[in-house]
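# Structure at a glance
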Amino acid sequence: MSDTVRHAAAQVPGKAGSQVASQPHYLQFGSLRAWLRLLWRHGASPHYWPRAAAITALSTATAPLRCYERVRFHRAIAVTPPPQAPVFIIGLPRSGTTHLHYLLARDPAVAYMTWAMALLPDLSLFADGWFARLYSRWLPPTRAHDQVAVNINAPATEEIALMIRGVDTFLHYQCFPDAFEYYLERANLRGASEAQRKRWRAQYTQILKKVSLAGEGRRLLLKNAANTARVGELLTLFPDARFIHIVRNPYDVFASTRRLFTVETATCRLGGAPRDTESDVLTYCTTNMQAYLDQRNLIPPGQLIEIRYEDLIRDPLATVHAIYQKLELPGLDAALPRMHEYLASVSGYRRNHLPLTSDEEFVITDRLALAFDTWHYPRRK
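Residues numbered from 1 in each chain as written. Predicted model: local features only at pLDDT ≥ 70, side-chain atom pairs only at ≥ 80, totals over all residues. Heavy atoms only, no water.

### Some details on the overall build of the chain
Looking only at helices and strands, the chain has 19 helices and five strands in total. When each of the 381 residues of the chain is scored for burial, the buried share is 56%. Within the chain, residue pairs in contact and separated by at least 24 positions form 80% of the contacts whose partners lie at least 6 positions apart. Summed over its atoms, the accessible surface of the chain is roughly 16,700 Å², and 56% of this surface lies on carbon and sulfur atoms. (Helix = DSSP H or I, 4+ residues; strand = E, 2+ residues; numbered from the N terminus. Buried < 20%, exposed > 50% of the residue type's maximum accessible area, 1.4 Å probe, protein only. Contact = heavy atoms within 4.5 Å. Areas by Shrake-Rupley, 256 points an atom, 1.4 Å probe, with all protein chains shown as cover.)

Listed below in structure tokens is the structure:
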């Protein structure tokens, strides 16, 4: 194990630290041009040169394969129509979006981005079989920050694919923590010019068309916390889109997101000075909540449902029925048996216990007042 990996693992407590040591970097099989552009913009700290060298080597080695996929599937992607009425699961990180995604993805009438597509966005059509299977041997069996099961065919977020293809996303903050403000603004498209918005739309549509092509035209089910702040852009692309917005107790969101940021930064970091993770979490949450609330009224009637994580956990099937009814989604009867199977498979899952100090609770109550006021969660005294 290299000193870089040991250092990263040491930053993460418990079992997650050992997983950090073996987890591949998101950028290792991505665009070489995008990677070199990142290096030019930020550089890499000497401590992380071994990690940067591995990304450079693997991006270079797989460049011919990405070129082959572009040539082979260019026409097929070009003639694939943009997805119709996709369903977007949005909400702050650690609000239950993944659990909901896994549950609704059991519907045989939907298609979704898999981990193979997310991690190998420019290889997913050509190398969907052999290369994905090879890559799967490198993946840990669970996510380091919450022990949720992961496999190459499980649902994943398309934000990873955007990152790997060179689109500025908030995930880049995990690589370069001192660029927090830059990537938060870029990911939310706040202050973006019309030309920048068009480039984002083109990249996003390209990725979703590949998912649609692989899914043979089935309705897309997509989960992406970053889209919480991009509702207006999504409606520009997909006026008939459906939205499921999920919220969770702000104290739990903060504690779990802090762990997420800590683990993912240890896994992905390439440079930059240490930051105040707690402050970053609070800023991220308030910024994205406000952006969602500012754009919520753009969603036409019947295309949005807002749910609570606590209701989803207490009575998942009642929540699913409410979603299908409100959004007028077909095919629930055919999906229910497979949803029952999924719920049975996770019945023994135990969530992380992440206690907060009284001082932390005080700060959360103050900084996340918008969440308490909007979603009517009780404040702790």
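What follows picks up the thread again.
### A closer look at helix 13 (residues 250–268)
The end-to-end C-alpha separation of helix 13 is 26 Å, in line with the 27 Å expected for 19 residues at 1.5 Å each. The element helix 13 is largely enclosed, with a buried count of 17 among its 19 residues. With a side-chain oxygen positioned 2.9 Å from the backbone nitrogen of Tyr-251, the residue opening helix 13 is Asn-249. (Expected span 1.5 Å × (residues − 1). Polar contact = N/O pair within 3.5 Å; in protein donor to acceptor, adjacent residues only side chain to side chain.)

### Structural notes on the confidence of the model for the chain
In regions of low pLDDT, the predicted coordinates are not meant to be interpreted in detail. Confidence in the prediction for the chain averages 88 pLDDT; 87% of positions are at 70 or higher. This model gives residues 1–21 a pLDDT under 50, and the stretch forms 37 contacts once residues within four places in sequence are excluded. (pLDDT = per-residue confidence, 0-100.)

### Remarks on the packing of helix 13 against helix 18 (residues 358–367)
Packed helices, taken two at a time, are described by the angle between their axes plus the distance between the axes. In the contact formed by helix 13 and helix 18, the axes pass within 10 Å of each other and the chain directions differ by 110 degrees. By the angle class used here, helix 13 and helix 18 are roughly perpendicular. As helix 13 packs across helix 18, the resulting crossing turns out to be right-handed. When helix 13 is examined against helix 18, the residues Pro-250, Tyr-251, Phe-254 and Arg-258 are found in contact with a partner set consisting of Glu-360, Glu-361, Ile-364 and Thr-365. Taken together, the residues that form the contact of helix 13 with helix 18 break down as four nonpolar, one polar and three charged. (Axes fitted to C-alpha atoms, helices over the stretch in contact; angles between N-to-C directions. Parallel < 35°, antiparallel > 145°, perpendicular 65-115°, else oblique. Left-handed = near helix turned anticlockwise from the far one by under 90°. Nonpolar A, V, L, I, M, F, W, Y, C, P; charged D, E, K, R; others polar.)

### Let's talk about the packing of aromatic side chains
Following the criterion strictly, the structure yields 13 aromatic pairs and no others. Arranged with centres 5.7 Å apart and planes meeting at 80 degrees, the rings of Phe-170 and Phe-180 form a pair that is edge-to-face. With Phe-170 in the loop between helix 9 (158–164) and helix 10 (180–187) and Phe-180 in helix 10, the pair connects residues that are 10 residues apart, well separated along the chain. Residue Phe-170 is classed as buried on the basis of its relative accessible area, which comes to 7%. When its relative accessible area of 2% is taken as the criterion, Phe-180 is described as buried. Here a set of aromatic residues connected by ring pairs shows up, and it is made of Phe-170, Tyr-173, Phe-180, Phe-261 and Tyr-284. Lying over the aromatic face of Tyr-309, Arg-248 brings its terminal NZ or CZ to 4.3 Å of the ring centre. (Phe/Tyr/Trp six-rings, centres within 6.5 Å; stacked < 30°, edge-to-face > 60°. Lys NZ or Arg CZ within 6 Å of the ring centre and 35° of its normal.)

### A short note on the sheet that holds strand 5 (residues 304–308)
Taken in spatial order, the five strands line up as 2-3-1-4-5 in an open sheet, and their pairing is parallel. The open sheet has two edge strands with one neighbour each: strand 2 (110–111) and strand 5. One ladder, built from two bridges, connects strand 2 with strand 3 (residues 219–223); its direction is parallel. Residue pairing across strands places Ala-111 opposite Leu-220, the latter belonging to strand 3. Helix-sheet contacts for helix 16 (residues 316–327) involve strand 4 (242–247) and strand 5, and the interaxial angle to strand 5 is about 165 degrees. (Pairing = 2+ DSSP bridges.)

### Overview of the packing of helix 6 (residues 97–104) against helix 16
Contact geometry for helix 6 and helix 16: axes closest at 12 Å, N-to-C directions at 75 degrees. It follows from the interaxial angle that helix 6 and helix 16 lie roughly perpendicular. Of the residues in helix 16, those in contact with Leu-100, Leu-103 and Leu-104 of helix 6 are Pro-316, Val-320, Ile-323 and Tyr-324. Residues that form the contact of helix 6 with helix 16 fall into these classes: seven nonpolar, no polar and no charged.

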